[in-house]
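Now for the letters of each chain:
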There are 2 protein chains.
Amino acid sequence: MSLIVQKFGGTSVGTVERIEAVAEKIATFRDQGHDIVVVVSAMSGETNRLIGLASEIQEHPTAREMDVLVSTGEQVTTALLSMALNKRGYAAKSYNGRQVRILTDATHTKARIKKIDDENIHADLKAGSVVVVAGFQGVDEKGNITTLGRGGSDTTAVALAAALKADECQIYTDVDGVYTTDPRVVDSARRLDKITFEEMLEMASLGSKVLQIRAVEFAGKYKVPLRVLSSFKEGPGTLITLEEGSQMESPVVAGIAFQRDEAKLSILGVPDSPGVASKVLGAISSANIEIDVIVQNVAADKTNDLTFTVHKNDLAKAAAILNDVAKELGAREVITDDKICKVSIVGVGMRSHAGIASKMFACLAELSINIQLITTSEIKISVVIDEKYMELAVRGLHSAFELDGEPKVA
Amino acid sequence: MSLIVQKFGGTSVGTVERIEAVAEKIATFRDQGHDIVVVVSAMSGETNRLIGLASEIQEHPTAREMDVLVSTGEQVTTALLSMALNKRGYAAKSYNGRQVRILTDATHTKARIKKIDDENIHADLKAGSVVVVAGFQGVDEKGNITTLGRGGSDTTAVALAAALKADECQIYTDVDGVYTTDPRVVDSARRLDKITFEEMLEMASLGSKVLQIRAVEFAGKYKVPLRVLSSFKEGPGTLITLEEGSQMESPVVAGIAFQRDEAKLSILGVPDSPGVASKVLGAISSANIEIDVIVQNVAADKTNDLTFTVHKNDLAKAAAILNDVAKELGAREVITDDKICKVSIVGVGMRSHAGIASKMFACLAELSINIQLITTSEIKISVVIDEKYMELAVRGLHSAFELDGEPKVA
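Residues numbered from 1 in each chain as written. Chains lettered and ligands numbered in written order. Predicted model: local features only at pLDDT ≥ 70, side-chain atom pairs only at ≥ 80, totals over all residues.

A. Spotlight on the pairing of strand β3 (residues 92-95) of chain A. Residue and element names in this part refer to chain A. Where burial is concerned, the two faces of β3 agree: the one with Ala 92 and Ser 94 and the one with Lys 93 and Tyr 95 are both buried. Here β3 runs beside strand β6 (residues 130-134); their pairing, made up of four bridges, is parallel. Looking across to β6, one finds that Tyr 95 is bridged to Val 133. (Buried ≥ 20, exposed ≤ 12 C-beta atoms within 10 Å, placed from the backbone. Helix = DSSP H or I, 4+ residues; strand = E, 2+ residues; numbered from the N terminus. Pairing = 2+ DSSP bridges.)

B. Focus on helix α3 (residues 63-87) of chain B. Residue and element names in this part refer to chain B. A rise of 1.5 Å per residue sets the reference length of α3, with its 25 residues, at 36 Å; its end C-alpha atoms lie 37 Å apart and thus fit the reference within 8%. Counting buried positions along α3 gives 23 out of 25 residues, so the element sits mostly inside the fold. Immediately downstream of α3, the backbone of Gly 89 shows phi near 90°, a positive value. (Expected span 1.5 Å × (residues − 1).)

C. Quick look at the sheet that holds strand β19 (residues 373-376) of chain B. All names here are of chain B. With respect to topology, four strands assemble into an open sheet ordered β13-β18-β20-β19, the strand pairing being antiparallel. Of all strands in the sheet, those with a lone pairing partner are β13 (255-259) and β19, marking the two edges. Going from strand to strand, the sheet's axes swing by 20° on average, the running direction of each strand aside. Both β19 and strand β20 (residues 380-386) contribute to a ladder of four bridges, which runs antiparallel. By the bridge assignment for β20, Leu 373 is matched with Val 384. (Axes fitted to C-alpha atoms, helices over the stretch in contact; angles between N-to-C directions.)

D. Structural view of the interface of chain B and chain A. With 29 residues of chain B at the contact, the number on the chain A side is 29 residues. Contributing elements (two or more residues each) for the side of chain B that touches chain A: α1 (16-31), α2 (46-57), α3 and α4 (97-100) of chain B. The element best represented in the side of chain B that touches chain A is α3(B), accounting for 14 residues. Considered class by class, the residues forming the side of chain B that touches chain A number 14 nonpolar, ten polar and five charged. (Contact = placed C-beta atoms within 7 Å. Nonpolar A, V, L, I, M, F, W, Y, C, P; charged D, E, K, R; others polar.)

E. Focus on the nonpolar core. Within the largest apolar cluster, 231 residues are counted, with the highest numbers of intra-cluster contacts made by A:Val38, A:Leu81, A:Leu160, B:Val38, B:Leu81 and B:Leu160. Once residues lying within four places of it in the same chain are set aside, the contact partners of B:Leu160 are B:Val5, B:Val37, B:Val39, B:Ile116 and B:Val133. (Core = buried A, V, L, I, M, F, W, Y, C linked by C-beta atoms within 7 Å.)

F. Structural view of unusual backbone geometry. Residues A:Val100 and A:Arg101 are joined by a peptide bond in cis, for which omega reads -5°. In the Ramachandran plot, A:Lys223 falls in the positive-phi region, its phi being about 55° despite a non-glycine side chain. Structurally, A:Lys223 is set in the loop between α8 (213-221) and β11 (226-230). At B:Thr109, a position not held by glycine, the phi torsion is positive, near 70°.

Remember, this is a structural readout, not a statement about activity or role.
Here is the structure:
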């Protein structure tokens, strides 16, 4: 008998029928003797409906009132799911953030969890109830309602699992696990049985948007075993763990990630002096533009070339700033390119395996794909290439690193 | 500068436009220097939408989960109205039942208020905020969400006004006050400037459904001056007070109330012995059927005739029970009639004025209306008559007691 925290997102509870299906799934686990704490999001569409009402009234409502408003969405789902469980003869009790209590700081709309009280939940579990908790929300010290920001329900689930010392935290979503790469790009992409937290972080931040990064970080920090599964079909999903592949022959590369929506900016021929990078990137980030890849090279003529990538939507704004900085620094030239993409191989195994990088570059060379930028971290290698070669590169690398499974039948 | 509690019902906050209009109204009072606590209902339709979702899942959900579900409706309105006030430059802060805190007993879906904490609200008022409170809801000792039952938002408003020692509790609704009778029946019905709590109770329970009885009782008990006004048009409304007409020539009869949806049952020729009434009425009320008028007469032959009225919907059920009881008691006959109505004159003045009753009966006789039943209390006299004479009786009495105002222009 285990204690399992299960999280169901907005799509999984989007209609009364789907809430019933979720209740069936929970019932199966209860029948196996497990204690279950469920975390739910608002029914899909509900949060947008509420935000729509607010925006009809005020362009920028106070964050406090936005939290009061949108937190009702999850509360509705907790009540409906509890009813669906009760109907099936399973004791169930809804909790909002205050009732748990999930204490957060006072940063409305993106609060951080400070402490979770678990006495009430433990008492109800002991009494045989399924506990149904509203995700995404908490209360601050003064009892104000707070919300945790985008993906907050995942964070609630992981934080609850950590506080309750749950045996597993299961995140139900509309995909059946984490794949070696996007199955829409590579037919033979394979579901991973296991992946480490670090790999998952790199996969997520690089575009395989299965889980919120914050929830994965949280789970890693508190050593909560996290499993991603499908709400809609059976299967073991993907377990995200601390252990680096318990199997001896765990593959060195876990998956291929990619990102299409970046643009590249270069400032060329900057006189080489200390503080150039900070001046350039400081100006960009002051404008609240997020920077992804940064590469700097000292050129032969003792000037600097600095290249970085931003989201395509921020390109025009970033280019304007960069032109100003270039004048100030006496740089030769600014060039931009929004026809790029980033492709990465991710795997904890590569730490201890030489030759992974050269294998990657060889594969791309064989496909006649020119590499514009390279960056590396301990567990990933990313290249920026012309966006028209993206699928070709991803498929080639997927195959080169022996990730191919059985092609799916369409 | 006064402290005013203002309550806006579901119709008054039914759309974003109406919420904006409510904010305008509140702003006017703030500009006059008053401190304002606002109590709001759910946007009209929202509570039914939520109940609809629940009923798709379970026929009889637990009362606890129903409260969790429907209490979100009021919370949404508090946030939206606070935004509408903020937009206009007025500080405003939303409160749900727990945040106030409105402590109730644990009787979900019809909880009773036990205590209201007022420190937080006082602090916010002092800081210059409009305080916007979710009506209809509270929390029990354990922090479970409770609701107060039908008309609960009126109760919240009155209870808050009592706790805060407000100068006035204003109930905004879709009528502009309490009338001498239903203006849809009598063209010349007149809005009353003042009415006593007792008169209001009789008017309300007799069918002029402007305010919930429970809120009026509460206001009377705690001496909260209560004013009924229209959300949609300007005007002083009707003030409900303790004083019996401060004007010398206050009319003896305040208004004419009526009820169309009752049915009459009689059990005739019951052998006269103690406990007959209790046996008959006990059986009816055991079946959860509410009884209104009760009249008993000893007939000439030493048998009893007992007549009472119930809601038309309960007639068949009540008749079946009464037939069983009649057999048991050896009664001669049971007769029922659902083509009846009840017409009442209400006024605290009649306590001390003889001749009111005879004036009423004379008026009806002049109109050739046969009186089937008569009951009286200290401040009202009710008759049961054939329902087809209802309008005739109400108009005749309204005129006989000099209640007519200027006929309204249609």
